[in-house]
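# Chains, contacts and geometry: an overview
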Amino acid sequence: MTTSLLLRGRALLLVLLALAVPMSALAAGENYGRVSGYVYDPTGTPLSEVPLTLSGPALQQPIARTSGEDGRFEFGQVPPGEGYVLEVSVEGFTPIKKTGIIVRLGQNTPVDVKLEVFTETQAVATYEIVEKVNPIINPDSAQTGAVLTAEKVASTPIFNQVQAIPQLVAGVGPGNSPSSRGGLSRWGKFYVDGMDTTDVSDGSITATMNYYAVENFEVITGGLDAQYNSLGMIENVVTKTGSNKFTYDVSLILSPAWSNAKAQYASDQGTGTGNYLQPTNKLAETSFYAPLVAFGGPIVKDRLWFYASGQWNISNRETPLTINGAQENRPKDTQTKLARLKLTWQPTSRDRVSFAVNVDNNTITNNLSNAATSPEAESRIDRGGYFLIGNYDHNFTDNVLFQLQTGATYKSAYFGPQNDVMDAVSHADRNNNFFTTGAPGSLSNSVGNYSNEDKWRFQFDPTLLFKAGAHNMKAGVQFGYLTGAQEVGVTGNMRYDDRGGICNPEDPSTFGYCNQRTSFYNLKGEQGPLTTSASVAQLGAFFQDRWNVNRHLTLMLGLRADVGRLYSDDNTFITNLVGIGPRVSATYDITGDRKTLIKAHYGRSNEMGDVFIAQHGNPELVQARSTFVSGKFVDCTPETNDPSGNCRISGGLSGRYFDKTHTPPSVDEFSLGLHREVAEGAVIGVDATYRRYNNMWIDEEVNQIWDPTGTRIIGNVDGQSHSVFKISNPDDAWRDYKGVDLWAQGKTGNWDMLASYTLAFSNGTVGSYFDGYGNNPRMKYLFEGPTPDDIRHTIKGAVGYATSFGLDFGIRFRYLTGTPLWMNESLSNPSTTLYRSPRGTGYALNRGAPNFNDPSTISELRNPDQFIIDAQARYDVGRLFQLKNKLELTLMVVNALNNNDANTLYDRWSTGSTTYGMSRFRTSPLQAELLLRFRN
């Protein structure tokens with residue numbers, strides 16, 4: 001087996017090589033915005049060779065450009081920020097200074113300049129100062145999504161988590177790892193300063209970061225440029241760089257237990273909290289505290305800037321449980337520590353270099369906190385890591401720019417017993433699904449109950465941008481190497497499945513509790529943990545041309561090619577994945593004033609695999625399951641051959657293999673939109689999207705022979721009683737999405753709004769990778785239906801109002817219709833899930849039992865709808881004391897209506913079951929936070 005030590009050594013060598021070269025951004029993700037427009041004379045005739053200068057607090061040195069033959073000019077690679085100034089001074093014309101220009105991440109800010117003739121009556125050619133109005137509308141791109149500034153986010157009642165921002169945008173689902181436009185949540189990508197920092201195995205954010213260190217949050221939901229390859233939404237955050245002015249930002253979040261509503265649940269709550277009834281002890285409490293500090297400024301004026309930040313979150317959340325009749329409030333303590341440093345250096349007017357390091361650590365105690373786990377069997381999490389990001393930009397000329405981005409992420413994660421006793425044998429009482437001693441049951445996607453995992457990502461992405469007339473072209477190569485090692489084991493290398501009590505095979509008085517005992521072996525035949533590794537090498541290349549045909553029409557033509565090579569344990573080659581992704585977009589300015597745009601897009605993205613996919617073909621722990629017979633457990637080892645079935649062997653090298661050839665998962669997207677500026681700085685739009693997700697990963701069982709009902713195995717292809725799964729991407733593993741977004745965004749007067757309504761239909765055969773589609777060919781046809789995250793109607797918004805005396809208000813609301821349920825049963829032999837109706841449906845119950853022979857009783861099933869309102873009020877107390885800097889006091893209330901209705905129901909039915917249709921999860925009750933913030 002490849003050891004973790006060898007993997008770390010190889011990874012360290014790669015990161016040293018990556019950081020030994022110049023560093024950059026934008027090839028993987030945007031780091032900048034643009035300012036462009038046209039220069040005209042008083043008659044409207046375009047003027048060429050006009051010198052223009054752009055300056056601002058986020059620029060270490062001003063940028064100079066000249067207009068082209070058609071009068072068009074463009075400033076690229078402008079850091080996001082406010083307060084930019086465009087100056088134009090031409091002999092014979094009145095000089096103009098456009099002020100108040102705002103640049104948003106990944107977007108173009110249009111600024112047209114109309115020059116007036118300088119007359120002899122003017123004694124001095126003084127600047128005409130024009131305050132620029134900044135529209136949200138973007139005439140140069142068909143991308144959908146939104147860009148949120150740091151100030152917009154600060155005025156919105158949402159917990160201080162970078163990964164929580166995308167859910168504010170139309171087309172994105174709820175949660176901190178959301179799905180978007182009918183895709184899987186694992187397809188989302190998270191970029192920091194242009195570098196992909198997405199977790200290499202689960203698609204989440206690799207590491208959280210200080211909320212107030214971010215300048216802009218860009219969320220892209222569709223219409224991707226060729227530089228991006230993603231099947232899901234993209235969140236790209238660009239962090240603050242510092243400036244020639246020293247700045248500081250200090251905050252303290254206080255949420256004591258008395259400010260939060262106590263958890264009270266209805267008597268029909270399911271087994272997740274042990275049928276918790278009316279409590280007689282103290283109600284469960286929640287508290288949260290967090291100090292945050294950030295500061296930045298010049299090290300060398302106009303040359304070298306820095307920005308540093310830190311954060312420490314301290315959370316305690318109690319869960320009310322009833323275990324064997326005893327009530328308790330089990331505390332889940334979570335601590336998160338974050339630190340970040342960014343340096344930005346501009347040695348010459350043509351070169352810019354930045355380097356950033358981010359470090360984090362997260363610990364959670366009593367991680368399970370459910371009624372199926374005793375305190376002695378609880379688990380904990382200890383995870384963290386860092387990422388390094390470097391950016392280098394070099395302008396060969398005004399029309400040719402070279403950029404290079406490189407960096408690395410590292411993440412380690414431990415999941416295991418809270419008491420750290422690794423030799424404790426776990427006992428599970430199957431009569432009440434309760435773990436009493438040792439450690440709890442299986443981890444996600446594993447048979448083990450503890451794991452140590454190390455994950456690395458390395459990126460190296462050079463890009464060349466060049467301009468020729470009305471063509472703005474971009475070409476680049478993107479190399480990524482994703483790798484990980486995982487150790488999985490079971491405490492004590494053994495687990496008992498008891499019945500009604502704790503089995504002790506040495507004590508005859510407990511024989512009545514003894515049922516089964518499973519011993520766990522690695523591939524050497526030794527009882528102990530199993531270590532495996534996996535990696536993926538990715539190579540992508542793209543070319544894109546943004547052609548400004550005229551003032552009305554812009555075309556975007558692009559093409560990218562991607563290759564992925566997957567490797568399993570010991571660097572064993574698995575397969576190649578190859579994909580081609582064309583991109584075609586167009587925007588048309590109907591009125592010629594950049595206030596009404598029609599946008600259209602077609603594009604394809606291809607998934608090139610990740611560590612999770614590569615690990616899926618690796619061996620699992622060998623399980624030797626012995627049955628208790630005649631006062632003892634049957635002798636059972638990996639070498640035992642027992643025809644009676646009292647000794648069953650599973651896991652190991654056999655049981656799962658990759659198909660010989662693969663068509664990578666992909667998405668084809670068609671979108672059409674109409675965007676209209678309705679007021680200065682405010683836009684409404686409607687976007688229609690169709691997406692087809694193709695060739696998703698599944699496990700296809702190829703050994704078992706089922707009877708016509710799909711409920712009984714009548715034979716095996718190889719004559720052995722075991723499952724064999726082929727990992728493949730068949731054409732019938734698909735999803736599709738049809739949706740319309742109606743949205744509004746912008747700031748007008750005292751109001752600031754981001755709001756949307758989405759009507760969507762998401763259907764398919766696969767709910768998630770390896771979700772059971774293909775396990776039983778007799779049930780395949782039942783898998784087609786609404787996907788698990790099919791939310792038909794979504795209304796959401798973040799609306800702010802600012803007064804003239806330092807007080808502002810923010811409201812966040814969301815209404816979501818319920819997601820589908822799918823009635824299912826559990827089969828004991830074989831151990832599998834049984835469905836009897838199409839996905840998203842179930843049978844009506846008649847006197848406690850459904851009639852599975854009556855199709856007329858099939859009904860559509862949905863979880864309850866959700867409606868949540870959050871609110872906050874913020875006041876600049878510094879005004880009372882005439883302070884030059886801001887001293888803000890913010891009161892935020894999450895779930896202001898204290899709605900703790902059920903949002904997820906149980907959908908598993910069994911004879912005598914008391915949980916089907918009952919509450920599984922409820923909305924967390926009201927939580928209030930007081931935030932003190934002092935900044936300049």
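Residues numbered from 1 in each chain as written. Predicted model: local features only at pLDDT ≥ 70, side-chain atom pairs only at ≥ 80, totals over all residues. Heavy atoms only, no water.

### A look at the overall build of the protein
Quick reminder of the rule: Helix and strand assignments come from DSSP, with helices taken as H or I runs of at least 4 residues and strands as E runs of at least 2, each series counted from the N terminus. What the globule rule says is 2.2 Å times the number of residues to the power 0.38, and the radius of gyration is computed from C-alpha atoms. The classification of residues rests on relative accessible area computed with a 1.4 Å probe and restricted to protein chains. Under 20% of the type maximum is buried, over 50% is exposed, and intermediate values are partly exposed. Only heavy atoms matter for contacts: two residues are in contact if any of them lie within 4.5 Å across the pair. Reported accessibility uses the Shrake-Rupley method at a 1.4 Å probe radius. Residues are deemed covered only where the shown protein chains occlude them. A residue counts as positive if it is Lys or Arg and as negative if it is Asp or Glu; His and the chain ends are not included. The atom standing in for a charge is NZ when the residue is Lys, CZ when it is Arg, CG when it is Asp and CD when it is Glu.
When you go through the protein residue by residue, the secondary structure sums to 3 helices and 57 strands. Relative to a compact globule of 936 residues, whose C-alpha radius of gyration would be 30 Å, the protein shows 30 Å and is just as compact. Seen along its three principal axes, the alpha-carbon backbone of the protein occupies a region of about 115 × 60 × 60 Å. Within the protein, buried positions represent 57% of all 936 residues. Contacts in the protein between residues at least 24 apart in sequence constitute 71% of all its contacts with a sequence separation of at least 6. Summing over all exposed atoms, the protein offers an accessible surface of approximately 38,000 Å²; the carbon and sulfur share of this is 56%. Seen as two clouds, the 81 positive and the 93 negative side-chain charges of the protein have centres 2 Å apart.

### Structural notes on the sheet that holds strand β35 (residues 656–658)
Using the following cut-off: When DSSP finds two or more bridges between two strands, those strands count as paired. For helices, the fitted line uses only the C-alpha atoms of the stretch in contact; every axis is such a line through C-alpha atoms, and the angle between N-to-C directions lies from 0 to 180 degrees.
Overall, mixed pairing links the 3 strands, which are arranged β35-β41-β38 in an open sheet. Of all strands in the sheet, those bounded by a partner on one side alone are β35 and β38 (698–701). Averaged over all neighbouring strand pairs, the angle between strand axes comes to 35°, with direction disregarded. Here β38 runs beside strand β41 (residues 725–728); their pairing, made up of 4 bridges, is antiparallel. Paired with D699 across the two strands is I727, which belongs to β41.

### Looking at a nonpolar patch on the surface
What counts here: By definition, no residue in a patch forms a salt bridge, and every one has over 30% relative accessible area; like charges are joined within 9 Å, nonpolar side chains (Val, Leu, Ile, Met, Phe, Trp, Tyr) within 5 Å. When a carboxyl oxygen of Asp or Glu is within 4 Å of a side-chain nitrogen of Lys or Arg, the pair counts as a salt bridge.
Taken together, the side chains of F246, V250, V293, F295, L880, F881, L883, L887 and F934 make up a nonpolar region of the molecular surface, amounting to roughly 790 Å² of accessible area. If you trace the backbone, F246 turns up in the loop between β14 (234–239) and β15 (247–255).

### What about the pairing of strand β37 (residues 682–694)?
Strand direction decides the pairing type here: strand β36 (residues 666–679) and β37, joined by 13 bridges, are antiparallel. Across the sheet, the residue bridging to L674 is V686, located in β37. Bridge count for β37 against strand β42 (residues 735–748) is 12 bridges, and the pairing is antiparallel. For Y693, the partnering residue across the bridge sits in β42 and is R735.

### Side note on the sheet that holds strand β10 (residues 144–149)
Here 5 strands make up an open sheet; going across it, the order is β10-β13-β14-β11-β12 and the pairing mixed. The open sheet has two edge strands, β10 and β12 (195–196), and neither has a second partner. For β10 and strand β13 (residues 214–222), the ladder comprises 6 bridges, and the chain directions are antiparallel. Bridge pairing links V147 to E218 in β13.

### Digging into unusual backbone geometry
We note that D570 has phi near 60°; this positive angle belongs to a residue other than glycine. Its place among the elements puts D570 in the loop between β29 (553–568) and β30 (572–589). Although it is not a glycine, R594 adopts a positive phi angle of roughly 60°. Position of R594 among the secondary structure elements: in the loop between β30 and β31 (596–606).

### Structural notes on the pairing of strand β24 (residues 450–468)
Alignment of strand β21 (residues 400–417) against β24, held across 16 bridges, turns out to be antiparallel. Note that in β24 the partner of T409 across the bridge is R457. Bridge analysis of β24 against strand β25 (residues 471–489) gives 17 bridges, and the strand direction is antiparallel. Note that in β25 the partner of T463 across the bridge is G476. Hairpin connection between β24 and β25: a loop of 2 residues separates the two successive antiparallel strands, and G469 in this loop has a positive phi of roughly 65°.

### Here we look at the state of the cysteines
Using the following cut-off: The rule for a disulfide is simple: a pair of cysteine sulfur atoms within 2.5 Å.
By the definition in use, this model includes 2 disulfides. Between the sulfur atoms of C503 and its disulfide partner C514 the distance amounts to 1.9 Å. Residues C503 and C514 are joined by a disulfide whose S-S torsion is about 85°; by sign, that bridge is right-handed. Note that C503 is positioned in the loop between β26 (494–498) and β27 (516–521) and C514 in the loop between β26 and β27, a separation of 11 residues in sequence. A residue is classified by how much of its surface remains accessible, and C503, at 3% relative accessible area, is buried.

### Examining the side chain of K726
Note that K726 resides in strand β41. Within the buried core, K726 has no salt-bridge partner, and the shortest N-O distance to an opposite charge, that of D659, equals 4.2 Å.

### Describing the packing of aromatic side chains
Just so we agree on the cut-off: Note on aromatic pairs: the rings of Phe, Tyr and Trp (six-membered ring only in Trp) are paired at centre separations within 6.5 Å, and the planes decide the class, stacked below 30 degrees, edge-to-face beyond 60, tilted for the rest.
Following the criterion strictly, the structure yields 29 aromatic pairs and no others. Consider the rings of Y410 and W456, whose centres lie 4.6 Å apart with planes at 45°: the pair is tilted. Note that Y410 is positioned in strand β21 and W456 in strand β24, a separation of 46 residues in sequence. Residue classification places Y410 among the buried positions, given a relative accessible area of 13%. Considering the side-chain rings of Y567 and F573, the 5.8 Å spacing of their centres and the 65° angle between planes classify their relative orientation as edge-to-face.

### Considering the pattern of salt bridges
As enumerated under the stated definition, the model contains 43 salt bridges in all. E74 is the partner of R34 in a salt bridge, and the nearest nitrogen-oxygen pair spans 3.6 Å. Here the residue R34 occupies a position in strand β1 (residues 33–40), and E74 occupies one in strand β4 (residues 72–78), the gap between them amounting to 40 residues. Exposure class is identical for R34 and E74. Each is buried. Residues R330 and E328 are paired through a salt bridge, measuring 3.1 Å at the closest nitrogen-oxygen approach. Judged by relative accessible area, E328 falls into the partly exposed class, the value being 22%. Among the charged side chains, a salt-bridge network with shared partners connects R34, R72, E74, D140 and R546.

### Considerations on the confidence of the model for the protein
For the record, the criterion: A residue's pLDDT is the predictor's confidence in that residue, given on a scale from 0 to 100.
Averaged over every residue, the pLDDT of the protein is 87; residues scoring 70 or more account for 91%. Counting interchain partners and residues more than four positions distant, the pLDDT-below-50 stretch residues 1–27 has 72 contacts.

### Topic: the nonpolar core
Operational definition: What we call a nonpolar core is a set of buried Ala, Val, Leu, Ile, Met, Phe, Trp, Tyr and Cys residues that are connected through their side-chain atoms within 4.5 Å.
By size, the foremost hydrophobic cluster in this structure holds 34 residues, and its most contacted members are W187, L566, I613, M696, W697, Y769 and F770. For this core, the elements supplying multiple residues, two or more each, are β28 (530–548), β30, α3 (611–616) and β48 (832–835). Among the elements that make up this core, the one with the highest residue count is α3 (4 residues). Setting aside chain neighbours within four positions, we find Y769 in contact with L184, R186, W187, E607, F612, I613, P665, M696 and W697. Counting 31 residues, the second-largest nonpolar core is a separate cluster that includes L168, M195, L754 and L931.

### Here we look at the environment of P864
Within the secondary structure layout, P864 lies in the loop between β52 (858–860) and β53 (866–876). The spacing of P864 and K726 is 138 residues in sequence and 37 Å in space, taken between C-alpha atoms. Once residues lying within four places of it in the same chain are set aside, the contact partners of P864 are G818, A902, N903, T904 and L905.

### Quick notes on the side chain of H601
Counted only if it meets this: Definition of a polar contact: a pair of N or O atoms within 3.5 Å, with one able to donate and the other able to accept a hydrogen when the atoms are protein atoms, and with sequence-neighbouring residues admitted only if both atoms are side-chain atoms.
As for its position among the elements, H601 is in strand β31. Here H601 falls in the buried class, since its relative accessible area comes to 5%. A polar contact is formed between the side chain of H601 and the side chain of S585, at a distance of 2.6 Å. Dropping the residues within four chain positions of it, H601 is found in contact with A142, G223, L224, R583, V584, S585, E669, F670 and S671.

### Structural notes on the environment of T94
Among the structural elements, T94 can be located in the loop between β5 (81–88) and β6 (96–103). Separated by 52 residues in sequence, T94 and A146 place their C-alpha atoms 37 Å apart.

### Comments concerning the environment of A64
In this fold, A64 is placed in strand β3 (residues 63–66). Take A64: its relative accessible area is 47%, and that puts it in the partly exposed class. Put simply, A64 and S349 are 285 residues apart on the chain and 9.9 Å apart in space, counted from C-alpha to C-alpha. The residues touching A64, leaving out its near neighbours within four places in the chain, are L52, F75 and D398.

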